[in-house]
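Chains, contacts and geometry: an overview
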Amino acid sequence: MIRLRIRVTGWTRRTLILTDTPAPDCPDCAGDGGTEYDYGDHTGEYAGTEWEPCPCWTEWRMVLLPLPRLPRWLRRRDDGRDPWGPDGYSSEPPF
């Protein structure tokens, strides 16, 4: 059974997509949609992480709407003149 939800993704351009949701009460993945496991190379050292999707979830996606880009005057600047600061919060008083 597909449980649909709408999400915003940040691919090459912000996009609104329709996607499936993992079953929250799945005993295999506990609602995560799959399991991650680490694996090693022939010497036993860490070589990476694999993702195995759970059967309760499909990685199905459908693009609904590409979102418009922000106007240039609303985009954040990288020249140090960003009023929001490096952490994303404004240092100016609220009034």
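Scope of this entry: the structure provided in the associated data block. Bear in mind that the values here come from a model prediction, so they are computed numbers and not experimental data.

Below, the discussion takes up the pairing of strand β3 (residues 34–40). In terms of strand pairing, β3 meets strand β4 (residues 46–53) through seven bridges, oriented antiparallel. Its bridge partner being in β4, Asp38 is matched across the sheet by Thr49. What sits between β3 and β4 in their antiparallel hairpin is a turn of five residues, with Gly44 showing a positive phi close to 90°.

Right, let's get into the side chain of Thr9. Along the chain, Thr9 turns up in strand β1 (residues 4–10). You can call Thr9 buried: its relative accessible area is 10%. When residues no more than four places from it in sequence are discounted, the contact partners of Thr9 are Arg14, Thr15 and Ile17.

Attention now moves to a nonpolar patch on the surface. A cluster of nonpolar side chains, contributed by Ile2, Leu4, Ile6, Trp60, Met62, Leu64 and Leu65, occupies part of the molecular surface with about 660 Å² of accessible area. Broken down by secondary-structure element, the contributors of at least two residues to the nonpolar patch are β1 and β5 (61–66). By the element assignment, Trp60 lies in the loop between β4 and β5.

Looking now at the state of the cysteines. Note on terminology: disulfide describes a covalent bond linking the sulfur atoms of two cysteines. All told, the structure shown has zero disulfides when counted by the stated rule. Counting only cysteine sulfurs, Cys54 is the nearest neighbor of Cys26, a cysteine outside any disulfide, at a range of 3.6 Å. Looking at the unpaired Cys56, the closest cysteine sulfur is the one in Cys54, lying at 3.6 Å. You can call Cys56 buried: its relative accessible area is 19%.

Parameters and conventions
The residue count restarts for each chain, going from 1 along the sequence in the order it is written. In keeping with the predicted nature of the model, local features appear solely for residues at pLDDT of at least 70, side-chain atom pairs appear and are counted solely at 80 or more, and the whole-chain, interface and lining totals rest on all residues. Note that water and hydrogens are dropped before the side-chain values are worked out from all heavy atoms of the structure. What makes two strands pair is DSSP finding at least two bridges between them. Working definition: helices are DSSP H or I runs of at least four residues, strands are E runs of at least two. Numbering for both runs from the N terminus. A simple rule labels every residue: compare its accessible area, found with a 1.4 Å probe on the protein chains alone, to the largest value its type can have, and call it buried under 20%, exposed over 50%, or partly exposed in between. By definition, residues are in contact when any of their heavy atoms lie within 4.5 Å. A patch consists of residues whose relative accessible area exceeds 30% and which take part in no salt bridge; residues with like charges are grouped when within 9 Å of each other, and nonpolar side chains (Val, Leu, Ile, Met, Phe, Trp, Tyr) when within 5 Å. Note on areas: Shrake-Rupley with a 1.4 Å probe; residue coverage comes only from the protein chains shown. Salt bridges are defined as contacts in which a side-chain nitrogen from Lys or Arg sits within 4 Å of a carboxyl oxygen from Asp or Glu. Disulfide: a pair of cysteine sulfur atoms within 2.5 Å of each other.

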